[in-house]
Amino acid sequence: EAGVTQFPSHSVIEKGQTVTLRCDPISGHDNLYWYRRVMGKEIKFLLHFVKESKQDESGMPNNRFLAERTGGTYSTLKVQPAELEDSGVYFCASSQPLFGPNTGELFFGEGSRLTVL
Amino acid sequence: SQKIEQNSEALNIQEGKTATLTCNYTNYSPAYLQWYRQDPGRGPVFLLLIRENEKEKRKERLKVTFDTTLKQSLFHITASQPADSATYLCALALSGGYQKVTFGTGTKLQVIP
């Protein structure tokens, strides 16, 4: 079974440009998360989808960030316009809900590294 | 505000010894806690889950404890090996089901041959 895939793996853009990151979760996983790791800092929560609905978007930095999850499948995270402080590695993860014997384990993609110049 | 803090400094230990990593949280009442391993340039990988009503969990050379009174989890790797060198992350969720999962700051472990 395919894991979580993210695209692109690395993006270099100039300040003011737009970038769209894509995440394909594991099929059948209702939970989809976006996280960001800025150099030397912790993995910070951005938002959480349950199927196609935003369950929690309290970590989104500002309205330059827009996340969508089409039909409860893949998700996109758009940054428009990008600023220097948006540089970092954006991770996507998916999971099944923690019920019963399920561990609620998050399966992560390899991340999309964003560099804003 | 809610915080999840791990050993801020990197942890260096000799091969064969037991590594102990700490995860402390404040202003949280998590329903469960997970531990992940992250290698450079890779996404985190799940290791263990422990629920709030469990005191200890084991898996091969790994052991996790969860003290909801102290608001602390300890993660032990016994008979450590150089291949155990990585960053280890704890993660908390307030409930099961469709849960938000929040990560700690991470501890970098280096096992010296």
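Residues numbered from 1 in each chain as written. Chains lettered and ligands numbered in written order. Predicted model: local features only at pLDDT ≥ 70, side-chain atom pairs only at ≥ 80, totals over all residues. Heavy atoms only, no water.

Chemist: I keep staring at the overall build of chain A and nothing clicks. Help me out?
Modeler: A tally of regular secondary structure across chain A gives zero helices and eleven strands. N-terminal to C-terminal, the α/β element order of chain A is β-β-β-β-β-β-β-β-β-β-β. For chain A, whose C-alpha radius of gyration is 14 Å, the value lies close to the compact-globule estimate of 13 Å for 117 residues. Overall, chain A is about 45 × 25 × 25 Å in size when its C-alpha atoms are taken along their principal axes. (Helix = DSSP H or I, 4+ residues; strand = E, 2+ residues; numbered from the N terminus. Rg over C-alpha atoms; globule rule 2.2 N^0.38 Å.)

Chemist: Could you clarify how one ought to interpret the pairing of strand β9 (residues 86-93) of chain B in this entry?
Modeler: Here is the key point about a regular strand: its side chains alternate between the two faces of the sheet. All names here are of chain B. Within β9, eight of the eight residues are buried, which leaves the element mostly enclosed by the surrounding structure. Side chains Ala86, Tyr88, Cys90 and Leu92 of β9 all project onto a buried face; the interleaved residues Thr87, Leu89, Ala91 and Ala93 project onto the opposite face, where all are buried too. Note: strand β4 (residues 32-38) against β9, seven bridges, orientation antiparallel. When the sheet's bridge partners are listed, Trp35 is paired in β9 with Cys90. By the bridge criterion, three bridges tie β9 to strand β11 (residues 107-112) in an arrangement that is antiparallel. The residue bridging Ala86 from the neighbouring strand is Leu109, located in β11. Pairing between β9 and strand β10 (residues 101-103): three bridges, direction antiparallel. Following the sheet pairing, Ala91 is matched in β10 by Phe103. (Buried < 20%, exposed > 50% of the residue type's maximum accessible area, 1.4 Å probe, protein only. Pairing = 2+ DSSP bridges.)

Chemist: Got a minute to help me understand the state of the cysteines in this structure?
Modeler: Such a bond, covalent and formed between the sulfur atoms of two cysteines, is termed a disulfide. Throughout the structure, instances matching the rule amount to two disulfides over all chains. Each disulfide pairs two cysteine sulfurs, and for Cys23 of chain A the partner residue is Cys92 of chain A, the sulfurs being separated by 1.8 Å. Residues Cys23 of chain A and Cys92 of chain A are joined through a disulfide that is left-handed, its torsion about the S-S bond being -60°. Taken together, the residues span a long stretch of sequence, with Cys23 of chain A in strand β3 (residues 19-24) and Cys92 of chain A in strand β9 (residues 88-95) at a distance of 69 residues. An identical accessibility class is assigned to Cys23 of chain A and Cys92 of chain A; each is buried. Disulfide partner of Cys23 of chain B: Cys90 of chain B, at an S-S distance of 2.1 Å. Note on the Cys23 of chain B and Cys90 of chain B pair: the S-S dihedral is about 65°, so by sign convention the disulfide is right-handed. Highlighted residues: Cys23 of chain B in strand β3 (residues 19-26) and Cys90 of chain B in strand β9, separated in sequence by 67 residues. Summarising the burial analysis for this pair, Cys23 of chain B and Cys90 of chain B share the class buried. (Disulfide = S-S within 2.5 Å.)

Chemist: Any chance you could explain the interface of chain B and chain A here in plain terms?
Modeler: In many reports, interface size means the accessible area that the parts give up when they come together. Each partner contributes residues to the interface: chain B has 21 residues there, and chain A has 29 residues. Both sides together, the interface formed by chain B and chain A hides about 2000 Å², and carbon and sulfur atoms give 55% of it. Interface area lost by chain B to chain A is led by Tyr98, Lys100 and Phe103 of chain B, which between them contribute 31%. Across the chain B-chain A interface, the total number found is two salt bridges. A salt bridge links Arg42 of chain B to Glu110 of chain A; the shortest N-O distance between them is 2.7 Å. (Contact = heavy atoms within 4.5 Å. Buried area = accessible area lost by both parts, 1.4 Å probe. Salt bridge = Lys/Arg side-chain N within 4 Å of Asp/Glu carboxyl O.)

Chemist: Hey, could you run me through the environment of Leu114 of chain A in this one?
Modeler: Residues and elements named next belong to chain A. Mapped onto the elements, Leu114 comes out in strand β11 (residues 112-116). Residue classification places Leu114 among the buried residues on the basis of a relative accessible area of 2%. When the C-alpha atoms of Leu114 and Met60 are compared, they prove to be 16 Å apart, with 54 residues separating the residues in sequence. When sequence neighbours within four positions are dropped, the list of residues in contact with Leu114 reads Ser11, Ile13, Val19, Asp86, Ser87, Gly88 and Tyr90.

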